[in-house]
Amino acid sequence: MIVRGSVIVVFLISGLSFIDAQKTDHLNLPDVPSRPEPLSATNEKETTSTATTTTTTTTPTTTSKPPPKSTTTTTTTTPKPPLTTTAAPVTTPAPAPPADPEIVTWNSSCIMVRMAAQLNFSYETKDNLNAYGLYNIPKNSVVEDANCEHNTTQGLQINWGPKEAQHVMSLQFLKNNGTFNLTMIMFTIPLLNDTFSNAKENQTITLVHRGPLFAAPVQMSYHCTRPQVFNMTRTIINDQVVGTLKVHDVQMEAFRTPNKTGFSAARDCDSTETSDVVPIAVGIALVALIMIVLVSYLCARRRSNSRGYMSF
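Numbers given to residues run from 1 along each chain, matching the order in which its sequence is written. With pLDDT at 70 or above as the cut-off, local features in this predicted model cover only qualifying residues; side-chain atom pairs require 80 or more to be listed or tallied, and sums for whole chains, interfaces and linings still use all residues. The side-chain figures draw on all heavy atoms in the structure; neither hydrogens nor water molecules are used.

Draft legend 1. Looking closely at the overall build of the protein chain. Counting its secondary structure elements, the protein chain contains two helices and twelve strands. Runs of E in the DSSP output that reach at least two residues are strands. Runs of H or I that reach at least four are helices, and both are numbered from the N terminus. When the helices and strands of the protein chain are read in sequence order from the N terminus, they spell out α-β-β-β-β-β-β-β-β-β-β-β-β-α. Intrachain contacts of the protein chain at a sequence separation of at least 6 include 54% that bridge at least 24 residues. By element, 57% of the accessible surface of the protein chain is carried by carbon and sulfur atoms, the whole surface being about 23,400 Å². The contact definition used throughout considers only heavy atoms, calling two residues in contact when any of these lie within 4.5 Å. Where accessible areas are quoted, they stem from the Shrake-Rupley method and a 1.4 Å probe; at the residue level, only the protein chains shown are allowed to cover.

Put into structure tokens, the structure is as follows:
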């Protein structure tokens, strides 16, 4: 009973405390805490009831979103091969070969020559290399000198080009046993920049060919229309070929009668030269055969006539 009474007393005290708290709250009076009376009870815990004014503070709830995951996109770019522009090879056009040489006539008191001539020879370049070039004997070349005093040898010198660099062609003829021939032809060619721009400076080419060439009887001329090619060497005694001489429409005559105009009758290079002994021998053989046939015929006829008389 004592316990129950204690509980009732506590309940009443709690109710009075609640009513007082309501009144105080209504009159806006400061809260006066009430000290509850201690309860003594066996095996029970002491209960303290405190009137508490609860102030609810609404704090906005901020929902923190997790930071977005960083997505790293790896783009693999295959590098394109660099554009290589292959430049077209620069080709230096080969120099155009000179035109065919012109036919030129050179005349002195004892020698007359007519031909078209072209040289093809090797020379040294500025880079110390060997090169080949074609060179035509020009139409403006003139007779510079002639040797007509000797009865067995005669010569002709033909010049062209500037005075400080004269180009020379020399011809030498020999007479023997009623015929003449060209025994030597020699060229001296200074290489000028206007014709050989890549040639080493101060270079002069000497080309020689030894005959005999172009043989013909004296008081006649040698003639040949078709092209002919002859090897050329550096010196007279050298056998190493360093170039060629090409000629065509050749006609020449040496040991001429002074003040004679024009060429004498020509012996052509393509004419057949048959010895006079052959036709004479053939003629004699034919005559002998005819005589034998004629004698045989007369002998046979005489015999037949003799047999006819005996039959009577």
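Draft legend 2. Fine view of the environment of Glu-102. Its place among the elements puts Glu-102 in the loop between α1 (2-26) and β1 (104-107). Per-residue accessibility, obtained with a 1.4 Å probe over protein chains only, is compared with the maximum for each type, and a residue is labelled buried under 20%, exposed over 50%, and partly exposed between these values. What makes Glu-102 partly exposed here is its relative accessible area of 44%. Spatially, the C-alpha atoms of Glu-102 and Ala-116 are 5.4 Å apart, while their sequence positions differ by 14 residues.

Draft legend 3. Local environment of the pattern of salt bridges. In the sections that follow, a salt bridge refers to a side-chain nitrogen of Lys or Arg positioned within 4 Å of a carboxyl oxygen of Asp or Glu. One pass over the structure, following the stated rule, counts four salt bridges. Across the pair Arg-226 and Asp-270 runs a salt bridge whose closest N-O atoms are separated by 2.8 Å. On the criterion of sequence distance, the pair formed by Arg-226 in the loop between β9 (221-224) and β10 (228-233) and Asp-270 in the loop between β12 (266-268) and α2 (277-311) is long-range, its members being 44 residues apart. The exposure class assigned to Arg-226 is partly exposed, which follows from its relative accessible area of 38%.

Draft legend 4. Highlighting the side chain of His-209. Looking at the element boundaries, His-209 is found in strand β8 (residues 204-217). Among the residues examined, His-209 registers a relative accessible area of 15% and is labelled buried. Any pair of N or O atoms that falls within 3.5 Å is considered a polar contact. Within protein, one atom must be able to donate a hydrogen and the other to accept it, and sequence-neighbouring residues count only if both atoms are side-chain atoms. In terms of polar contacts, His-209 uses its side chain to reach the backbone carbonyl oxygen of Asn-231, at 2.6 Å.

Draft legend 5. View of the side chain of Gln-203. In this fold, Gln-203 is placed in the loop between β7 (179-190) and β8. For Gln-203, the side chain forms a polar contact with the main-chain oxygen of Lys-200, separated by 3.5 Å. Aside from chain neighbours lying at most four places away, what touches Gln-203 is Tyr-123, Glu-124, Ile-189, Pro-190 and Leu-191.

Draft legend 6. Summary view of the state of the cysteines. Here, a disulfide means two cysteine sulfur atoms that sit within 2.5 Å of each other. All told, the structure shown has two disulfides when counted by the stated rule. There is a disulfide in this structure between Cys-110 and Cys-148, and the S-S distance comes to 1.8 Å. Judged by the sign of its S-S torsion, about -70°, the cystine formed by Cys-110 and Cys-148 is left-handed. Taken together, the residues Cys-110 in the loop between β1 and β2 (112-124) and Cys-148 in the loop between β4 (142-147) and β5 (153-160) connect sequence positions 38 residues apart. A residue is classified by how much of its surface remains accessible, and Cys-110, at 4% relative accessible area, is buried. Judged by relative accessible area, Cys-148 falls into the partly exposed class, the value being 27%. By sequence order of its bonded cysteines, the protein chain has the disulfide arrangement 1-2, 3-4.

Draft legend 7. Region of interest: the pairing of β2. Across the 13 residues of β2, ten count as buried, placing the element largely inside the fold. The pairing of β1 with β2 spans four bridges and is antiparallel. Within β2, the position partnered with Thr-105 by the bridge is Arg-114. Here β1 folds back onto β2, and the loop between the two strands holds four residues. Here, strands pair whenever DSSP counts at least two bridges between them. Taken together, the nine bridges between β2 and strand β11 (residues 241-253) define a ladder with antiparallel strand orientation. Among the inter-strand pairings, Arg-114 is bridged to a residue of β11, identified as Gln-251. Pairing between β2 and strand β3 (residues 130-136): seven bridges, direction antiparallel. Bridged to Tyr-123 within β3 is Ala-131. Hairpin connection from β2 to β3: five residues lie between these consecutive antiparallel strands, with Asn-128 at a positive phi of about 60°.

Draft legend 8. Representation of the packing of aromatic side chains in the model. Centre distance within 6.5 Å is the pairing criterion for rings of Phe, Tyr and Trp, where only the six-membered ring of Trp is used; planes under 30 degrees apart are then read as stacked, over 60 as edge-to-face, and the remainder as tilted. This structure, assessed with the given rule, holds seven aromatic pairs. Clustering of aromatic rings is evident, with ring pairs tying together Phe-121, Tyr-123, Tyr-135 and Phe-196.

Draft legend 9. Representation of the pairing of β9. Strand direction decides the pairing type here: β9 and β12, joined by three bridges, are parallel. Looking at β12, one finds that Tyr-222 is bridged to Arg-267. Examined bridge by bridge, β9 and β11 share three bridges and lie antiparallel to one another. Looking across to β11, one finds that Cys-224 is bridged to Val-250.

Draft legend 10. Structural view of a nonpolar patch on the surface. Together, Leu-294, Tyr-297 and Leu-298 make up a nonpolar patch on the protein surface, roughly 310 Å² of accessible area in all. Taking the relative accessible area as the measure of exposure, Leu-294 reaches 44% and is therefore partly exposed. Excluding any residue in a salt bridge, patches collect residues exceeding 30% relative accessible area, merging like charges within 9 Å and nonpolar Val, Leu, Ile, Met, Phe, Trp and Tyr side chains within 5 Å.

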